[in-house]
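Breakdown of the fold
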Amino acid sequence: MRASKTLVRAGAAALLALAAALAGPASASVPPPSTGWSLTWSDDFTGSAGSAPSGTDWITDTGTSYPGGPANWGTGEVQTYTASSTNLQQDGGGNLRITPVRDGSGRWTSARIETRRTDFQAAAGGRARIEARIQMPNLTGAAAAGYWPAFWTLGADYRGNYQNWPGIGEFDIMENVNGINQVWGTLHCGGNPGGPCNETNGLGAVHACPGSACQGAFHTYTFEWDRSVSPETLRWYVDGVQYHAVNASQMDATTWANATHHGHFVLLNVAMGGAFPNGVAGSGTPTGSTASGVPMLVDYVAVWNSAGSGGGGGGGGGGTGAYGTIQAESYAAQSGTATETTTDTGGGQDVGWIAGGDWLRYNAVDFGSTAAHQFKARVASGAAAGVSGLVEVRLDSPTATPVGSFAVGSTGGWQNWTTVPANTAAITGTHDVYLTFASGQPADFVNLNWFTFTG
Ligand SMILES: [Ca+2]
């Protein structure tokens, strides 16, 4: 029987509406934390159309390698990463777009960004969840050959070293090649080649996207890092469906700890060509049939933590002693700053990107009954000549009168550390300590590694 054109159209419209309902909205907000969880960091990509992602949150990688790192980003991928809005921009509708483009000479450009923060982690006994809502480049078949979108993490120590992969750990939360309707989730660890993670393959699994193809709709890709169970376990989900897990009993304790017992940073990119798409295709990619200019859309990226501080929220437990070393990055709350790996004695993290108006809060710092009269802070500054500011200590409110402060300008570099003392009013008892920052110029003027109080 022959259906009328009208009925066919009505049926198609209903199917499209159903597909849209299954795919969900084109842009969603970061979901609220589950019970017992709190948001550690997120980016909803709500910037104006054509704008770059936030430079406070993200580093934009450019070129074909890290400085001194392996060529072609270590994977054989062929594109050059740029910071151009052609390759990297927010769309004004709540999404980030990463778009590979081929020029008239056949050369590919694309984009890759990574979080400045390198401290996303599950604390001992705690859990972390790293999630993004993504629509993969909407291509299949020959037109998709060589497309390699990815949402993933690397261990903090990779940044600045670039030779210690895969021992520092890599969590591939979403990878896809050649427009196939599958998500790949993988742990990389240990030595290369071989080792407990069977490098260079890693310990991975694949799963088709539920309901609609990975390329045709947004899906939620979630990695759960669980140190509250024994053995500690990593889990991978698409749209809430778990499809992969790796646990600590699958390898020796040292390899596991080296890959998972520290902070990671998050990356988003679309590569073109390289070992993974070539291996799946069984031949070189991209090809002359590959389509140019089809973006990966990222609606949001979020990191949550549960039970155990993790992330940058480490100071929240209370009972911090005023006379011990208080790590700057252990703040319970902050405004305007970001953490980074420090090369100061002792390593770890510092808090940077501090400008006037920014602040850090440390909950329930215990000064005891004998008064503190001095404050010492470990600071570094690569500020330009003429740029300086004040590091101030306030108690229990970011707008209380400062109980002490000191001025700081350039120390000769953002990792050129010096310890600066300042007198304070007599402080006893337990207080939420705020470090507040003031400056006559808008530029960042100081990095902070740690601080302490003395009598
Ligand atoms: Ca968004």
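Residue numbers run consecutively from 1 along every chain, following the written order of its sequence. In keeping with the predicted nature of the model, local features appear solely for residues at pLDDT of at least 70, side-chain atom pairs appear and are counted solely at 80 or more, and the whole-chain, interface and lining totals rest on all residues. The side-chain figures draw on all heavy atoms in the structure; neither hydrogens nor water molecules are used.

**Considering the layout of surface pockets**
The space that makes up the largest pocket amounts to roughly 830 Å³. Contributing to the lining of the largest pocket are 33 residues, with Thr-75, Trp-148, Trp-165, His-188 and Thr-200 lying nearest its centre. Helix and strand assignments come from DSSP, with helices taken as H or I runs of at least 4 residues and strands as E runs of at least 2, each series counted from the N terminus. Counting residues per element, the lining of the largest pocket draws most heavily on strand β10 (residues 147-155), which supplies four residues. Partitioning the lining of the largest pocket into residue classes produces 15 nonpolar, 13 polar and five charged. Using a grid of 1 Å spacing that covers the protein atoms alone, one calls a set of points a cavity when a 1.4 Å probe fits there but cannot get out, and a pocket when the set is open and has protein on both sides within 12 Å along at least five of seven lines; lining residues are those with an atom within 4 Å of a point. Grid points are joined across faces, edges and corners, and a volume is the space filled by probe spheres set on the points. Nonpolar residues are Ala, Val, Leu, Ile, Met, Phe, Trp, Tyr, Cys and Pro. Charged residues are Asp, Glu, Lys and Arg, and all others, Gly as well, are polar.

**Here's the deal with the coordination of the calcium ion**
The donor definition counts N, O and S atoms within 2.8 Å of each metal and applies 3.2 Å to Na, K and Ca; water is not among these atoms, so some sites may look incomplete. Looking at the calcium ion, the protein donor atoms are Asp-44 (O), Asp-44 (OD), Gly-94 (O), Asp-299 (O) and Asp-299 (OD), and they sit 2.2 to 2.4 Å from it. Spacing between the donor residues of the calcium ion along their common chain follows D-x49-G-x204-D. One end of the pair, Asp-44, is in the loop between β1 (37-43) and β2 (58-61); the other, Gly-94, is in the loop between β4 (88-90) and β5 (96-98), with 50 residues separating them in the sequence. A relative accessible area of 8% means that Gly-94 is categorised as buried. Residue exposure (1.4 Å probe, protein chains only): buried if accessible area is under 20% of the type maximum, exposed if over 50%, otherwise partly exposed.

**Let's talk about empty space enclosed by the protein**
Enumeration according to the criterion identifies one cavity of 30 Å³ or more in this entry. Lining of the largest cavity is provided by Met-136, Pro-137, Leu-139, Ala-144, Tyr-147, Pro-149, Asn-176, Asn-178, Gly-179 and Gln-215. Residue composition of the lining of the largest cavity, grouped by class: six nonpolar, four polar and no charged.

**Topic: the pairing of β10**
For β10, the buried fraction is high: nine of the nine residues fall into the buried class. A two-sided burial pattern is seen for β10, the buried positions comprising Tyr-147, Pro-149, Phe-151, Thr-153 and Gly-155 on one face and Trp-148, Ala-150, Trp-152 and Leu-154 on the other. Here the rule is simple: two strands pair whenever DSSP picks up at least two bridges between them. With nine bridges connecting them, β10 and strand β17 (residues 264-272) associate as antiparallel partners. Within β17, the position partnered with Tyr-147 by the bridge is Met-272. Looking at chain direction, β10 and strand β11 (residues 170-175) are connected through five bridges and run antiparallel. Within the sheet, the bridge partner assigned to Ala-150 lies in β11 and is Glu-175.

**Side note on the side chain of Thr-115**
Within the element layout of this structure, Thr-115 appears in strand β8 (residues 112-115). At a separation of 2.8 Å, a polar atom in the side chain of Thr-115 contacts the main-chain carbonyl oxygen of Arg-117. Contacts are residue-level and defined by heavy atoms, with any inter-residue pair within 4.5 Å sufficient. Look past the residues within four positions of Thr-115 in its chain and what remains in contact with it is Trp-41, Asp-57, Trp-58, Ile-59, Phe-120, Arg-159, Phe-265 and Val-266. Each polar contact in these results corresponds to two N or O atoms within 3.5 Å; when the atoms are within protein, one needs to be able to donate a hydrogen and the other to accept it, and residues that are neighboring in sequence are counted only if both atoms are side-chain atoms.

Take it as geometry only, folks, not as evidence of what the structure does.
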